[in-house]
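# Notes for the structure review
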Amino acid sequence: MRRHLETVLAHAERQLASVGHQSPTDLLPAYKQFLKIEEHRLRLSHHAGGGGREIAARRADLVDVLLRHLFSAVSTEKQLATPSLALIALGGYGRRELNPFSDVDVMFLHGPRARSIASDKIVEQILYLLWDIGFKVGHSTRSIKEAVTLANDDMLTKTAMLESRFVAGNAALGEHFRSQFRSKCVNGREREYTAMRMEDQAARHKKFGDSVYMQEPHLKNGCGGLRDYQNLLWMTFFKAGKLTTTHLVGEDWLSTADQRRIDAAYDFLLRLRTELHYTTERATDVLHLNLQEEIARRFNYPLRAGLVRSEALMRDVYAHGRNIFLVTERITERFADGYATGKRRSLFAFIPRRKSIVERVGQFVIRDGHLDLARRDVFTKDAEQMMAAFQVMQERGVEFSAELNDLYSRQPGLVTRAFQYAKGPREKFIAILSRKGEVARVLRAMHRVDFLGRYVPEFGPLTCLVQHEFFHRYTADEHTLVCIEKLDALAQATDKKLLEYKRLFENLKDPLVLYLALLLHDTGKGVGARPHSEASAVFAQRVGRRLQLSVGQRRSLVLLVDHHVTLSTMAQQRNIDDPATISEFASIVQRQSDLDALMLLTLADGQGTSAEGWSDWKETLVWQLYRATSQYLSDREAYDRQIVVARESLQAEVSRELTADFGDELDAHFESMPDNYFRAYRVAEIAKHVRLVRRFLENVLHGEEESLLAPMMEWETSVDEGHSTLSICTWERDELLSKIAGSFAVVPLNILRADIYTRPDNVVLDVFRVADTRGHAVTHPRDIQLMEKTLGRALAQSHFEFGRLLEEARRKVRRSVPSGADFPTRIAFDNRAHPSYTLINVQTPDRLGLLYDIVSVLSANGVSIATSRVSTEKGAAVDTFYVSDALNRAKITETARMNQLQQQLHSAVAPTIIAPESVRARSPAAN
């Protein structure tokens, strides 16, 4: 550091001081050139592996040198003696931590009567020069009295000033300010400031996700971010007077190992923030998905089997963030605990003690809602008490004290293999997981002190494991705990949408198996298994044996873990109107109790994936499959009788919905439509379709010549189910489905499901379930009119070009879609799942017009789509098409044809790049 500063000073002496006879404005090119060269050196040092603190401090030193020259040059030109003004660095700059595009915060400090027009001119000229050079400057001009008053009025101002540092001008004035700040803004205000800082931290955590494990973490303000570490330093300063963790190191506050961990974490996050600024060429703190792969490459993370670079990077981000969060949270909690005594209070003795009622519970004491040990050596004498503490925590509804949390962190070696198999801990663990609605809080407490991953080692590898997918908002461990929290919440649910789940939960006889299944359902990801569910099931079998579960419990546990995505996947991707689908799923679950548990697991897993991951449409499909399977399991013969299509009876019911003159048309409709149509639609819906067909044919016979081929359309809105239904009746023609898909994309609307029916008389009835881009039903007349107008124009032309319209729609709808490298496209053909159709599964990043492009490829290759399952969530499209050859209605079985289709589909779903608006890159050294 000293050698680098000497190099900078020597460069400044050559380039700046040697032209000192010129005015500061004339020196502007020299300042820019100096900064450009030095910034280039810093960038090279950073890319060579320079530490985060080191590079940030060097940048602050560089700005110091530049500001001193500016201050001297301007003061000399204005003939102002330096005793009247001091330049003070504040905030991160005062702390000597500047990232490439960080603000430079300064305060111009003057004596009680020293402010004048001349001094204001100096301040103004320095600021203009800084802006012209390329800096973003936060500034103020104050007397010492004004600064002290403002600091005591506003916590953020006080925090910025406590990190103040003299840079240029009158050093004595700067020193006097520090003395006044300490005596009037710090002394006697320790308790007030500490309370405000802790309140601010809680509010900040809530605002930025309240979790370390966000998919797109905020490096500065998120849980475990830079601000948490700084918050600890600021509170420490109010007693020790130093912005360093060294004053906390000791047996009672911060161990040397803890200090090394959080200092290393802070350095890593600062280095990452520097790279983020360089990559985006602006001040930013959010590590967006579409930046993670590029930054990981720049950090030279290697490609490893089963782990992409970005996943390795993010695992380090979460590990370091977790270290900062856990350590700083533990210490700040102890700052606020008023019951500590003796040496433990020496550093923060200004926080008053509280009189507490102490309750003894076995080897523990409860004080002010916090659990602590009766003696410090309880765990070393009886390790079983480590599990007993969590049981007491659950039964009494208390939290661990900061000291107890710290003790777990210091004694991880007590959780041995013998402990994992011991009867006492096993029985207590089973009891904890058997209390409905009370499990998540305890498991999270176990995980916080690294106990859960040691007692259940199968869960351990999930800690900070990145799930770099569109669907997952959290790391694997956090996702698991959130899922269990969602299950717990059902016990107190009042939302009408959750009441049916709540009834299932209340009637569940063995919650232990369900909670354990949720805990283990993603453990296969910890070993990189694909598919992870099979490896997770193996781990579940191992855990079941270790916990000595009964044979029936182990069978249910393995089933739930192995098939934790089956219910959701089949509901979205398979034709659940097909009896074969119901029979296949029923053969998997076999028992109603397991079906109920799987339904609850599916809900928890879906809600725990992300806030957007459990849509109304997905829920509707899952419930439909659940109910059909439940009926099948209760009475298979009755189910089979029910699904047999009794066309005469059904036709009679439909005829009662229509007038007598529909007789011939009703006969034609029932003779023309396939069995699955009559299973999919109710009497009222079939009657609507018959009326729609009549309106279309009447228009063909009696309508205006220019509208004879126009489609007939009917909308129905299902607000509660989160979608609208559009029924379209028209003639069969080339590219029909692709033109419909393109028309939806122009609005834009998402197609959730498409049922395609073509009668022998070439009348087409297509039924689409659609939603807007927010996942809501389509209710705006403008969207409906645009879709109908576009489709009418497209069908009126033999070859309609959607390119320009889609381009305009894409520019209107701005989506944050991660790169394809983060979410690889997968296209698979399946000829075993259905007796009559080939299933084409497409998983790819979503974009506007995607379905139009897919359908266009299929249509161009003579592939007919019978039905489809289309799912779009959080930037990902997971679609399944039931297809056959358009000529002979047979499956697609030829290998060469499937390979050709696969290649063309891969090309079609490739992301469409839209050039962004031109934005001039700004850098500290920009001309």
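Summary of the structure given here. The structure displayed is predicted, hence computed values, not measured ones. (Residues numbered from 1 in each chain as written. Predicted model: local features only at pLDDT ≥ 70, side-chain atom pairs only at ≥ 80, totals over all residues. Heavy atoms only, no water.)

## Comments concerning the nonpolar core
Note on soluble globular proteins: their nonpolar side chains tend to be buried together. Formed by 93 residues in total, the largest nonpolar core has its most connected members in F390, Y408, F429, L443, M446, F451 and L516. When residues in this core are grouped by element, the largest group, nine residues, is from helix α23 (residues 511-520). Sequence-distant contacts of F390, defined by excluding residues within four places in its chain, comprise F400, Y408, I432, V442, A445, M446, V449 and F451. Counting 50 residues, the second largest nonpolar core, distinct from the first, contains I740, M787, L806 and V855. (Core = buried A, V, L, I, M, F, W, Y, C linked by side-chain atoms within 4.5 Å. Buried < 20%, exposed > 50% of the residue type's maximum accessible area, 1.4 Å probe, protein only. Helix = DSSP H or I, 4+ residues; strand = E, 2+ residues; numbered from the N terminus. Contact = heavy atoms within 4.5 Å.)

## Focus on empty space enclosed by the protein
Left-over empty space is what a probe sized like a water molecule reveals as it rolls over the atoms. For the coordinates displayed, the defined rule picks out eight cavities of 30 Å³ or more. The greatest single-element share of the lining of the second largest cavity, amounting to three residues, is contributed by helix α13 (residues 309-336). Residue classes in the lining of the second largest cavity are distributed as nine nonpolar, six polar and no charged. (1 Å grid on protein atoms, 1.4 Å probe; cavity = no way out; pocket = protein on both sides within 12 Å on 5 of 7 lines; lining within 4 Å. Points joined across faces, edges and corners; volume = space filled by probe spheres on them. Nonpolar A, V, L, I, M, F, W, Y, C, P; charged D, E, K, R; others polar.)

## Considerations on the pairing of strand β5 (residues 358-361)
Successive residues of a regular strand alternate their side chains across the two faces of the sheet. As paired strands, β5 and strand β6 (residues 364-367) are joined by four bridges and run antiparallel to one another. By the bridge assignment, V358 is partnered in β6 with R367. Hairpin connection, β5 to β6: the antiparallel pair is bridged by two residues, and G362 has positive phi, about 60°. (Pairing = 2+ DSSP bridges.)

## Description of the packing of α23 against helix α28 (residues 592-609)
Two numbers describe how α23 lies on α28: the axes approach to 10 Å, and their chain directions differ by 40°. The angle between α23 and α28 falls in the class oblique. As for how α23 packs across α28, the hand of that crossing is right-handed. Listed contacts from α28 to L514, A517 and L518 of α23 are A597, L600, L601 and A604. Tallied by class, the residues present in the contact of α23 with α28 amount to seven nonpolar, no polar and no charged. (Axes fitted to C-alpha atoms, helices over the stretch in contact; angles between N-to-C directions. Parallel < 35°, antiparallel > 145°, perpendicular 65-115°, else oblique. Left-handed = near helix turned anticlockwise from the far one by under 90°.)

## With respect to the side chain of S533
Examined against the element boundaries, S533 turns out to sit in helix α24 (residues 532-546). Residue S533 is classed as buried on the basis of its relative accessible area of 11%. Apart from the residues within four sequence positions on either side, S533 is in contact with V561, D562 and H564.

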